[in-house]
Amino acid sequence: MKKELKIYLASPRGFCAGVKRAIEIVEKSISKFGAPVYVRHEIVHNKQVVEELKEKGAIFVDELSDIEDASRPVIFSAHGVPKSVPKEAKLKNLSFVDATCPLVSKVHRESEQLYKNGFDIFLIGHKNHPEVIGTMGQLSKGSIKLIETKNDVELIKKENFKKPLAYITQTTLSVDDTAEIIAALKKKFPKIKAPIKEDICYATTNRQSAVKEIASKCDMFFVVGSRNSSNSVRLVEVAKKAGCNNSHLMHSEKEIPYHEIDDSSTIGISSGASAPEKLVQTLLDNIKKNRKVSIEEVVVAEEKVVFKLPKELN
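Throughout what follows, the structure given in this document is the object of discussion. (Residues numbered from 1 in each chain as written. Predicted model: local features only at pLDDT ≥ 70, side-chain atom pairs only at ≥ 80, totals over all residues. Heavy atoms only, no water.)

Brief notes about the nonpolar core
Rules: Note on terminology: a nonpolar core comprises buried Ala, Val, Leu, Ile, Met, Phe, Trp, Tyr and Cys residues joined through side-chain atoms within 4.5 Å. Burial status follows relative accessibility: with a 1.4 Å probe on protein chains alone, a residue under 20% of its type maximum counts as buried, one over 50% as exposed, and anything between as partly exposed. In this description a helix means any DSSP run of H or I spanning at least four residues, a strand means any run of E spanning at least two, and both kinds are numbered starting from the N terminus. The contact criterion used throughout is that any non-hydrogen atoms of two residues lie within 4.5 Å.
With 25 residues, the main nonpolar core has Val26, Ile43, Leu53 and Ile75 as its most contacted residues. Among the elements of the structure, helix H1 (17-33), strand E2 (37-40), helix H2 (47-56) and strand E3 (58-61) are those that each provide at least two residues to this core. Among the elements that line this core, the one with the most residues is H1, at 6 residues. Those residues in contact with Val26, other than ones at most four positions away along the chain, are Val37, Val39, Ile43, Leu53, Ala58 and Ile75.

Below is the structure:
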């Protein structure tokens, strides 16, 4: 007789509109231009997605200089690219399709507008994340100062800043951690300008809200996603903070900890914005082999956002 197990399934979870659009851009480019097409960096941070696109005819490269056939189109990843990348592509006569998420592009435009209006800009984000590299690369070097922690705010020397100040943020941060950093910035610089509409994207916010809703009820929590996926890693942190210390990132190399699941009576499951739903279903199927499972889907928001494809693909 299998032991009963209650599973809380977070919703929304998995693919956001920006990820769906980016994957579709690669697939449509392959059907329009034929294989291969090049993709600069992982189109989204998920190993399975990248492998499937490779099978369809995508070649992933780190830099444009790695492209062996200049007659083939290249796609820029959903995380966005510094201004120098399209510039280099034009110099090399490469045709390119930009799959930058429109919500990341919004932050890029914001930074340019602020700079034009004479602001000094702080970017709250994670160093070396492709999105941060892309955003900082919209302006000349040194125009945007990166802040990663509350401690970084304390180290800012007020006297170094004579212009009005503004902040922008990476789109995939922890909502709560970012709020703490913003509060510290506002305390230090009461007149600092905030984005008109928050930069953390709707999908990140919704997925974190769903995890918060269920984590405290769970003995274990699983977030399906890749190790280099910022929003997936944040979800694990959110689950721990919300009351489930035994929270794990289920990436492709991680074995399912059946022995721990055996000791649990409730578990929670979510997935990062770049993780395919079939990976969640595979995890559920594997758990069901050993336990009698009842699933409750906890829905905190309905997502109806759809982004248009670039005009080159219409």
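On we go.
With respect to empty space enclosed by the protein
To keep it simple, the criterion reads: Definitions used for this entry: grid spacing 1 Å over protein atoms alone; cavity, a set of points where a 1.4 Å probe fits but cannot get out; pocket, an open set with protein on both sides within 12 Å along at least 5 of 7 lines; lining residue, one with an atom within 4 Å of a point. Grid points are joined across faces, edges and corners, and a volume is the space filled by probe spheres set on the points. The residue classification treats Ala, Val, Leu, Ile, Met, Phe, Trp, Tyr, Cys and Pro as nonpolar and Asp, Glu, Lys and Arg as charged. All others, Gly included, are polar.
Using the criterion set out here, one finds 1 cavity of 30 Å³ or more in the structure. Computed from the structure, the largest cavity encloses a volume of approximately 280 Å³. Contributing to the lining of the largest cavity are 24 residues, with Cys16, Val19, His79, Thr172 and Asn231 lying nearest its centre. Those elements that place two or more of their residues in the lining of the largest cavity are H1, helix H4 (102-116), helix H8 (202-215) and helix H9 (230-241). With 3 residues, H1 is the single largest residue contributor to the lining of the largest cavity. Split into classes, the residues belonging to the lining of the largest cavity amount to 12 nonpolar, 11 polar and 1 charged.

Section: the pairing of strand E9 (residues 220-224)
Worth spelling out the cut-off: Any two strands with at least two DSSP-identified bridges between them are counted as paired. Orient the strands so they point away from the viewer; a crossover is then right-handed if the path from the first strand over the helix to the second runs clockwise.
With 5 of its 5 residues buried, E9 lies for the most part within the structure. Strand direction decides the pairing type here: E9 and strand E11 (residues 266-271), joined by 5 bridges, are parallel. The residue bridging Met220 from the neighbouring strand is Ile267, located in E11. Here E9 runs beside strand E10 (residues 247-250); their pairing, made up of 4 bridges, is parallel. Its bridge partner lying in E10, Phe222 is registered against His248. Considered for its hand, the β-α-β crossover made up of E9, H9 and E10 is right-handed.

Focus: the side chain of His108
If you trace the backbone, His108 turns up in helix H4. Looking at His108, the relative accessible area reads 8%, which means it is buried. Excluding its chain neighbours within four sequence positions, the residues that come into contact with His108 are Gly80, Val81, Thr100, Gly134, Thr135 and Gln138.

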